[in-house]
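Here is how the chains run, residue by residue.
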Amino acid sequence: MKKTDFDKEIKIITLADGKLLGLELKSILYTPNKYRIPVAFADRANSADDTDKYISENYSKEDQEKLKHNDEITNEFLAEVSKLLSDSESEIQKLVKKYKSKLLDVDYKAPDNLRCITTDDDIENLSGYFVIDSNAIIDSNGKLLASFLNLDFNRFNDFFVFFTKYFGMFIDEMNKEDLRGLQIDELTDIKSIISLAKNVYEDSKRNIIQIQNLLKKFVDFLYGYDNSNEINSLTLKQKFYVFYEENKKELNNFSHKYYHEGLFNFTYSSTDLNNLNHKNTSELIEKLKKFDADGSKISNSYSIITDNIYTVLYISLYNLVLNNYAMIRQCKNCHKYFLTNKSNTYYCDNIYYQNKTCKDIGNQLSQKKKENKEPVYGKYRSIYANKATLLKRNPDIYSRADYEHWKKESSQFMKDIRNGLKTYEEFDKWLDKNK
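Just so you know, these numbers come straight off a predicted model, no measurement behind them.

Focus on the overall build of the protein chain
In terms of regular secondary structure, the protein chain is built from 17 helices and ten strands. In the protein chain, 67% of the contacts between residues at least 6 apart in sequence involve partners at least 24 apart.

Some details on the environment of Lys-407
Tracing the sequence through the fold places Lys-407 in helix α16 (residues 400-418). Judged by its relative accessible area of 26%, Lys-407 is partly exposed. Between the C-alpha atoms of Lys-407 and Lys-387, which are 20 residues apart in sequence, the distance is 9.3 Å.

Remarks on the sheet that holds strand β4 (residues 187-189)
Read from one edge to the other, the open sheet built from six strands follows the order β4-β3-β2-β1-β6-β5, with strand pairing classed as antiparallel. Bordering the open sheet on either side are β4 and β5 (259-267), each of which pairs with just one other strand. Within the sheet, the average angular offset between the axes of one strand and its neighbour, ignoring direction, is 35°. With respect to the sheet, helix α5 (residues 156-165) is in contact with β2 (20-31) and β3 (129-140), its orientation differing from that of β2 by roughly 110°. In this fold helix α13 (residues 309-323) packs onto β1 (10-15), β2 and β6 (299-306), with an angle of close to 15° to the strand it touches most, β1.

As for the pairing of β1
Bridge analysis of β1 against β6 gives three bridges, and the strand direction is antiparallel. By the bridge assignment for β6, Lys-11 is matched with Ile-305. Bridge analysis of β1 against β2 gives five bridges, and the strand direction is antiparallel. Within β2, the residue paired with Lys-11 across the bridge is Glu-24.

Some remarks on the pattern of salt bridges
All chains considered together, the criterion is met by 16 salt bridges. A salt bridge links Glu-261 to Lys-11, with the nearest nitrogen and oxygen atoms 3.3 Å apart. Linking Glu-261 in strand β5 with Lys-11 in strand β1, this pair joins segments that are 250 residues apart in sequence. Relative accessible area serves as the criterion here: at 34%, Glu-261 is assigned to the partly exposed category. Look at Lys-11 and you get partly exposed, because its relative accessible area is 25%. Here Lys-248 and Glu-245 are joined by a salt bridge, their closest N and O atoms 3.4 Å apart. A single salt-bridge network, built from bridges that share partners, covers Lys-379, Asp-428 and Asp-432.

Topic: the packing of aromatic side chains
The full count for this structure, using the stated rule, is 38 aromatic pairs. Where Phe-240 meets Tyr-318, the ring centres are 6.0 Å apart and the plane angle is 75°; that geometry is what we call edge-to-face. Within this pair, whereas Phe-240 is found in helix α9 (residues 236-246), its partner Tyr-318 is found in helix α13, the two being separated by 78 residues in sequence. According to the relative accessible area criterion, Phe-240 is buried, its value standing at 8%. Judged by relative accessible area, Tyr-318 falls into the partly exposed class, the value being 42%. Here Trp-406 and Trp-430 contribute two aromatic rings whose centre-to-centre distance is 6.1 Å and whose plane-to-plane angle is 35°, an arrangement assigned as tilted.

Thoughts on the confidence of the model for the protein chain
Scored by pLDDT, the protein chain comes out at a mean of 83, with 88% of its residues at no less than 70. Looking over the protein chain, one finds the lowest element-wise mean pLDDT in helix α1 (residues 48-58), namely 68, and the highest in helix α10 (residues 248-251), namely 96. Contacts of residues 34-47 to residues separated by more than four positions or lying in other chains number 45 contacts, the stretch itself having pLDDT below 50.

Structural notes on the side chain of Thr-306
On the secondary structure map, Thr-306 appears in strand β6. Looking at Thr-306, the relative accessible area reads 3%, which means it is buried. A polar side-chain atom of Thr-306 sits 2.6 Å from the main-chain carbonyl oxygen of Lys-257. Look past the residues within four positions of Thr-306 in its chain and what remains in contact with it is Lys-8, Glu-9, Ile-10, Ile-12, Lys-257, Tyr-258, Thr-311 and Val-312.

Here we look at the state of the cysteines
For the structure on display, the rule yields zero disulfides. Take Cys-358: it sits in no disulfide, and the sulfur closest to it among the cysteines is that of Cys-334, at 3.7 Å. Residue class for Cys-358 comes out buried when judged on its relative accessible area of 0%.

A look at the packing of α16 against helix α17 (residues 424-433)
At a closest axis distance of 10 Å, the pairing of α16 and α17 adopts a crossing angle of 165°. Judged by the inter-axis angle, α16 sits roughly antiparallel to α17. The two elements α16 and α17 meet at a crossing, and its hand is right-handed. Packed against α16, whose contacting residues are Trp-406, Glu-409, Ser-410, Phe-413, Met-414 and Ile-417, the element α17 presents Tyr-424, Glu-426, Phe-427, Trp-430 and Leu-431 at the interface. Class assignment of the residues belonging to the contact of α16 with α17 gives a composition of eight nonpolar, one polar and two charged.

Describing unusual backbone geometry
Note: most peptide bonds trans; most residues except glycine with negative phi. For Asn-324, which is not glycine, the phi dihedral falls at a positive 50°. Mapped onto the elements of the fold, Asn-324 is located in the loop between α13 and β7 (327-330). Of note in this structure, His-335 is not a glycine but carries a positive phi near 70°. Inspection of the secondary structure assignment puts His-335 in the loop between β7 and β8 (337-340).

Concerning the packing of helix α15 (residues 375-393) against α16
In the contact formed by α15 and α16, the axes pass within 10 Å of each other and the chain directions differ by 165°. Viewed along their axes, α15 and α16 adopt a mutual orientation that is roughly antiparallel. Classified by chirality, the crossing of α16 by α15 is left-handed. Facing α15, whose interface residues are Tyr-377, Tyr-380, Ile-383, Tyr-384, Lys-387, Ala-388 and Leu-391, α16 presents Arg-400, Tyr-403, Trp-406, Lys-407, Ser-410 and Met-414. Broken down by class, the residue content of the contact of α15 with α16 amounts to nine nonpolar, one polar and three charged.

The rules behind the values
- Residues numbered from 1 in each chain as written.
- Predicted model: local features only at pLDDT ≥ 70, side-chain atom pairs only at ≥ 80, totals over all residues.
- Heavy atoms only, no water.
- Helix = DSSP H or I, 4+ residues; strand = E, 2+ residues; numbered from the N terminus.
- Contact = heavy atoms within 4.5 Å.
- Buried < 20%, exposed > 50% of the residue type's maximum accessible area, 1.4 Å probe, protein only.
- Pairing = 2+ DSSP bridges.
- Axes fitted to C-alpha atoms, helices over the stretch in contact; angles between N-to-C directions.
- Salt bridge = Lys/Arg side-chain N within 4 Å of Asp/Glu carboxyl O.
- Phe/Tyr/Trp six-rings, centres within 6.5 Å; stacked < 30°, edge-to-face > 60°.
- pLDDT = per-residue confidence, 0-100.
- Polar contact = N/O pair within 3.5 Å; in protein donor to acceptor, adjacent residues only side chain to side chain.
- Disulfide = S-S within 2.5 Å.
- Parallel < 35°, antiparallel > 145°, perpendicular 65-115°, else oblique.
- Left-handed = near helix turned anticlockwise from the far one by under 90°.
- Nonpolar A, V, L, I, M, F, W, Y, C, P; charged D, E, K, R; others polar.

See the structure below:
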């Protein structure tokens, strides 16, 4: 493969009022399976040679004929669906029933889905293949940025995840010999890709960490818990402006590297447009009311093109501020960045230990801190300890039944306080009566 064969461009499409971010790019996908073949071989982005080879090696001739037959039936079904004048579920189900009866039974051996490398993988001992392929990534706006901020680029594993996801970022750092064994949409042994990543790792690491730290400071300036009153007196957009003005030189290295494609207009997908054929404006309006009553299917018809993933992350952050529906915060327990739409959320939903999330642990810690500062709670703990000691030393004076009864009632009182059903004042009076 030559450098000119590889399309480094990333297309950014904002969807659903800026809440979703769609990316189209070429990256390296990993699969631990021998060949990268999806269920029913419906993904035509695969190399035809790979698919044919997999089928010939894993299916009998009889099953190969059945697969061809099922492909033809599937194409007939899709053609009929595209002719429907509405997206009526009942009409589609009729077609499903009709064409499903024509399918032949085949034991599909292909994997249900493909997976990408994770930071927890034992990279050095993996076997399998990568494929450079065109991909669409759709995620909550800001989630890609949070994921980037959470990578530890001092670990090769974390860098390797980034490398395989945004392969185009590193093409210019490779020489002809590096690229000779690579082809678009063809299988490449994982060991070769690991070797390529190692070749650029040390030279790339410092720059990536610098940009990551810059974006962390940006996010913390916008959404940090401990900002000064001076900063928090500004609006979110004003904060963005201030940080940009103070860090313009560094941000301009990637914040300007994009161009627009398409029109500033709104449209529907080509499939949806078949349902909107009309003779006049009134008919179009009526069809829109039936077909897309809440306006959720319409999208903008322009996109932003860049060859720099940091530009994507910058635009993602800009869109978060522009739409102000969510924010990126740093978990006060695990210190990882996460997306939330609540300003009073301090902990993420990641599993911390023993199936408990940071949010579970954080809420417990907050409650404990709050209780420890409450004098009545201290009084409760003191009486609790005295009763336990009394039971241990003088069981003939203070019975276990009395102790368990007091413990149950006091515990219920604390639960009621946490649930807002009772107050510490009421508990204080109860403790005086039941010392």
